[in-house]
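As a plain string of letters, each chain reads:
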Amino acid sequence: MATSWYCAHTANGVELFKHYGSNTRLIRFSCRNTSSKLFLTRTSDFRRLKRGCFHVKNTLSEKVHEDPITDQGAESNLSSFTPGAASIASSIKYHAEFTPLFSPERFELPKAFFATAQSVRDSLLINWNATYDIYEKMNMKQAYYLSMEFLQGRALLNAIGYLELNGAYAEALKKLGHNLENVASQEPDAALGNGGLGRLASCFLDSLATLNYPAWGYGLRYKYGLFKQQITKDGQEEAAEDWLEIGSPWEIVRNDVSYPIKFYGNVTTGSDGKRYWSGGEDIKAVAYDVPIPGYKTKTTINLRLWSTQVPSADFDLSAFNAGEHTKACEVQVNAEKICYVLYPGDESEEGKALRLKQQYTLCSASLQDIIARFERRSGDHIKWEEFPEKVAVQMNDTHPTLCIPELMRVLIDLKGLSWKEAWNITKRTVAYTNHTVLPEALEKWSYELMQKLLPRHVEIIEAIDEELVHEIVSKYGSLDLDKLEEKLITMRILENFDLPSSVADLFTKPEIPVDDDTETVEVHDKVEASDKVVTNDEEDETGKKTSAKTEAAAETEIDKKTTVKPEPAVIPPKKVRMANLCVVGGHAVNGVAEIHSEIVKEEVFNDFYELWPEKFQNKTNGVTPRRWIRFCNPPLSSIITKWTGTEDWVLKTEKLAELRKFADNEDLQTEWREAKRSNKIKVVSFLKEKTGYSVVPDAMFDIQVKRIHEYKRQLLNIFGIVYRYKKMKEMTAAERKTNFVPRVCIFGGKAFATYVQAKRIVKFITDVGATINHDPEIGDLLKVIFVPDYNVSVAELLIPASDLSQHISTAGMEASGTSNMKFAMNGCIQIGTLDGANVEIREEVGEENFFLFGAQAHEISGLRKERADGKFVPDERFEEVKKFIRSGAFGSYNYDELIGSLEGNEGFGCADYFLVGKDFPSYIECQEKVDEAYCDQKRWTKMSILNTAGSYKFSSDRTIHEYAKDIWNIEPVELP
């Protein structure tokens, strides 16, 4: 195999790499300084390095060290080197030539992106190796963050900025004929997440690296992501993501890091008394690593993603040659499809099984990796009781819940620990973050499915449940039996199960003897001689139906004994409650905003809170100020640095609060407005390119971008727009101009592929936009635009340009939200309910700088009861909007089912569960206040400045410090 050598300037100085086949690795070396020249190891492609530059010499005429590793004096010489544009250009050219994914003739943008990213990755890998070496040598406690989603966004510009090489890379690419921004725009967003859950996980990794905390992330490597959203005349359509079609320059496959994963099979007891899980379906999970750099630090942590496969030996060659091609590939396909799609549809049993396989793959592969690392670092003296002192596992929502029974299985079945020892270790290791009160997030799995797929884990879960039952009975045994039974029903992990025999006798009720399986009832029935009963239903004066017998029936009456067979009892399905398992098996449970954490304690897990109050904490979410101000909004960043007198705010966001004292300064306000307008001009071009619609930058940019869901109430927003449009149409042109502020209303977000109502909402928004945007009477006074395929990169454009952002979920239903924090950081004023982190944002930015409307969380249940009792009277303006929509103003599509969800008093899919109609009057009145404030640009700009100043609390750095101290008990370790 041909071997070549090359060297490149990196953040650590000059590095020598050995390239052989398709692999490149860093060769640790040192060199001596002779006559201001650095001489490297022997190679036929020899490079002599001077300060700040290097060139290639195909010669061996210079004196070199045969074994430079022994030279200990060179490190200080190399550390004085900083990568210059020339050396970076050479590194990019090297990758374009020697690690190609494209033909060699041209150096076009896609090729330039890959070569540039690989050049940056070289520096990250050096720091990654150094970070990893220190973790191995020091053997300190390390946190592991397990999440089904990591919504990373583009990485190139962030990585270059974190290495402080923006200028050098821009100059190098310019010399090679390209612009850095154009090159960066070639990068697709990694399709590893969907919404706030995944973006939060990515912000946390950023902060962990920046703050030098020893930590890794674990996730799955989805080939096709969630989906690529396309907007057509029929609304949302889904297509597979193609982010991995030509590979990712950031990931490094670790073929030597793979672990076996088992499904199905059976559990038996061996002659040694141990339980053995055998047979079934076997696959392996292979590691792909993505380096995560810290800002202005060498610390580079790891996001390890698992991909699933089987060995080539499992390919059925004989079946293939016999023409049974599908059968031949069946094993491979079954393994690989586990990592095809994020959140595959689970309407079918196959879909449910695939989701459960995904969750178990994440948990099993990650824990095997963590345990292998613990054993390696422990050497010959493994003390399992010290495992929680070296390992902290954080479960991001309920998806990684199977960590609990999987860790128990490994410790008991494979490592030989007792149940008591394993359970003690598990409870001290694992912690759980709850992200919502919605039922779909408090997962419940079919017991039957889980027993079939993971039989050994079900045995362990049953044992955990029985132990829980005993603890509840021990704690509350003096209660009235009905209350005790109610607690057990609420708190058990297993739903719709009989009590364990050990406690069942407590609840035994005396039996009433029954002769057989039928019930004999004496009735005096009035029937005809023919044994037929003829009735006609009539309504009495009150409208109630009464039964009137025919005259014939009244003539002949007999007493008859009738035998009635009871209706068969409906047996509810047996379920495994994953959230309850998380609370029982973890040492900490946290909500993600103050109001959410209170709801978790008082409502969602109230019985558990009474039993273990010490477990429950609040950790308000946060977002990284590096991506969400520093790099996505350079104009604003420059202003903040200028007026605070330092760039320290990027790491110490409390310095943003210093802007408060300048909020009335006219010079600052002028600069602030100019920065906002420059960002809006970029969005104007983007919207034209993506949607074909033209907008003006001087209009108010009113933005709601988030996952499409009924509780997030995009429907309330678009109903408000319809009301605005209707009022405009009723006015003259002069009246419209006087009464309304020009607005560009921007929506973005994905509706889950099988969420029919959410997809109806997308369709309705696009229909409203198509009508309004083509109405010549309205012109630029109102535009409605749905941005297709919303992702992190789109957010980085829209958020800096926003004037108003909408966070209008039904109070008590949004756990926290993170987009509200990003908007606040960028000086965007918010309209919203007292829900999630809105409560804390409003406190920090000032009540007068937040547009508040709507019912509060403690009122919601009463309002729903009022609706069910038929006492709710809808506002006339709300009824007016519904009538206008039904008139066909926005096309011929039938919106009866969409509007029907807002009507009626009870029943599934109706009765306005999310209180759109209730909050509508308050919402449109609040929007009138928004218009009034925007007309006073001095006041509006001051509000904007104070939003940025008040956002300091919502940095993910603050959140991570709290997790590290209160839950994980880890300390930062800075590389020398």
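Predicted model only: the values in this text are computed from it and were never measured. (Residues numbered from 1 in each chain as written. Predicted model: local features only at pLDDT ≥ 70, side-chain atom pairs only at ≥ 80, totals over all residues. Heavy atoms only, no water.)

A few points about the overall build of the protein chain
- Counting its regular elements, the protein chain contains 36 helices and 33 strands.
- Residues classed as buried in the protein chain amount to 55% of the 976 residues present. (Helix = DSSP H or I, 4+ residues; strand = E, 2+ residues; numbered from the N terminus. Buried < 20%, exposed > 50% of the residue type's maximum accessible area, 1.4 Å probe, protein only.)

Focus on unusual backbone geometry
- Positive phi, close to 50 degrees, is recorded for N139, a residue that is not glycine.
- In this structure, L915 is a non-glycine residue whose phi angle is positive, near 60 degrees.
- Topologically, L915 is positioned in the loop between helix 33 (896–900) and helix 34 (916–935).
- The class for L915 is buried, based on a relative accessible area of 5%.

A word on the UniProt feature "modified residue: N6-(pyridoxal phosphate)lysine" (unreviewed entry) in the protein chain
- The feature "modified residue: N6-(pyridoxal phosphate)lysine" (unreviewed entry), as given by UniProt, occupies K822 in the numbering adopted here.
- Tracing the sequence through the fold places K822 in helix 29 (residues 819–825).
- Not counting residues up to four positions away in its chain, the partners in contact with K822 are R199, V623, W628 and I799. (UniProt positions renumbered as here; feature names shortened; annotations may be inferred. Contact = heavy atoms within 4.5 Å.)

Details of helix 3 (residues 109–138)
- Taking 1.5 Å of rise per residue, 30 residues should cover 44 Å, and helix 3 covers 43 Å from first to last C-alpha, within 8% of that figure.
- The buried count for helix 3 comes to 21 of 30 residues, which makes it a mostly enclosed element.
- Within two residues after helix 3, N139 carries a phi angle of roughly 50 degrees, on the positive side. (Expected span 1.5 Å × (residues − 1).)

Brief notes about the packing of aromatic side chains
- Following the criterion strictly, the structure yields 43 aromatic pairs and no others.
- The rings of F719, Y723, Y725, F764, F878, F884, F890, Y893, Y895 and F920 are connected pair by pair, giving a single aromatic cluster.
- One cation-aromatic arrangement involves K357 over F263; the distance from NZ or CZ to the ring centre is 5.2 Å.
- We note K680 situated over the ring of F701; from NZ or CZ to the ring centre the distance is 4.8 Å. (Phe/Tyr/Trp six-rings, centres within 6.5 Å; stacked < 30°, edge-to-face > 60°. Lys NZ or Arg CZ within 6 Å of the ring centre and 35° of its normal.)

Brief notes about the packing of helix 15 (residues 455–476) against helix 16 (residues 481–491)
- Look at helix 15 against helix 16: their axes get within 10 Å of each other, and the N-to-C directions meet at 150 degrees. Taken together, the axes of helix 15 and helix 16 lie roughly antiparallel to each other. Crossing hand, helix 15 versus helix 16: right-handed. Residues L468, V469, I472, V473 and Y476 of helix 15 lie in contact with helix 16, whose contacting residues are L484, K487, L488 and M491.
- Looking at the contact of helix 15 with helix 16, its residues break down into 8 nonpolar, no polar and 1 charged. (Axes fitted to C-alpha atoms, helices over the stretch in contact; angles between N-to-C directions. Parallel < 35°, antiparallel > 145°, perpendicular 65-115°, else oblique. Left-handed = near helix turned anticlockwise from the far one by under 90°. Nonpolar A, V, L, I, M, F, W, Y, C, P; charged D, E, K, R; others polar.)

Some thoughts on the packing of helix 25 (residues 714–729) against helix 34
- Between helix 25 and helix 34, whose axes approach to 10 Å, the crossing angle comes to 60 degrees. The orientation of helix 25 relative to helix 34 falls into the category oblique. Seen from above, helix 25 lies across helix 34 with right-handed handedness. Across from L716, N717, F719, G720, Y723 and R724 in helix 25, the residues of helix 34 making contact are V916, F920, Y923, I924 and D931.
- Residues of the contact of helix 25 with helix 34, tallied by class, amount to 7 nonpolar, 2 polar and 2 charged.

Focus: the pattern of salt bridges
- All told, the structure shown has 65 salt bridges when counted by the stated rule.
- In this structure, K727 engages E730 in a salt bridge whose closest nitrogen and oxygen atoms are separated by 3.3 Å.
- E730 gets classed as partly exposed once you look at its relative accessible area, which sits at 48%. (Salt bridge = Lys/Arg side-chain N within 4 Å of Asp/Glu carboxyl O.)

Thoughts on the state of the cysteines
- Going through the model one piece at a time under the given rule, you end up with 0 disulfides.
- Free of any disulfide, C403 has its nearest cysteine sulfur in C363, 3.7 Å distant.
- On the accessibility criterion, C403 (1% relative accessible area) is buried. (Disulfide = S-S within 2.5 Å.)

Quick notes on the environment of N590
- With respect to the element layout, N590 can be found in strand 26 (residues 589–591).
- Separated by 157 residues in sequence, N590 and T433 place their C-alpha atoms 5.0 Å apart.
- The contact partners of N590, leaving out residues within four places of it in the chain, are Q394, Y432, T433, N434, Q617, K619, Y963 and I967.
- A polar contact of 2.9 Å, which involves the side chain of N590, links it to the side chain of T433. (Polar contact = N/O pair within 3.5 Å; in protein donor to acceptor, adjacent residues only side chain to side chain.)

Brief notes about the sheet that holds strand 27 (residues 616–618)
- One open sheet accounts for 9 strands, arranged 12-15-16-9-8-17-18-26-27; its pairing is mixed. Lying at the two open borders of the sheet, with one neighbouring strand each, are strand 12 (252–263) and strand 27. With direction set aside, neighbouring strand axes in the sheet form an average angle of 25 degrees.
- As paired elements, strand 26 and strand 27 share 3 bridges and run parallel to each other. Its bridge partner being in strand 27, N590 is matched across the sheet by Q617.
- Against the sheet, helix 20 (residues 594–604) engages strand 26 and strand 27, with an angle of about 165 degrees to strand 27. (Pairing = 2+ DSSP bridges.)

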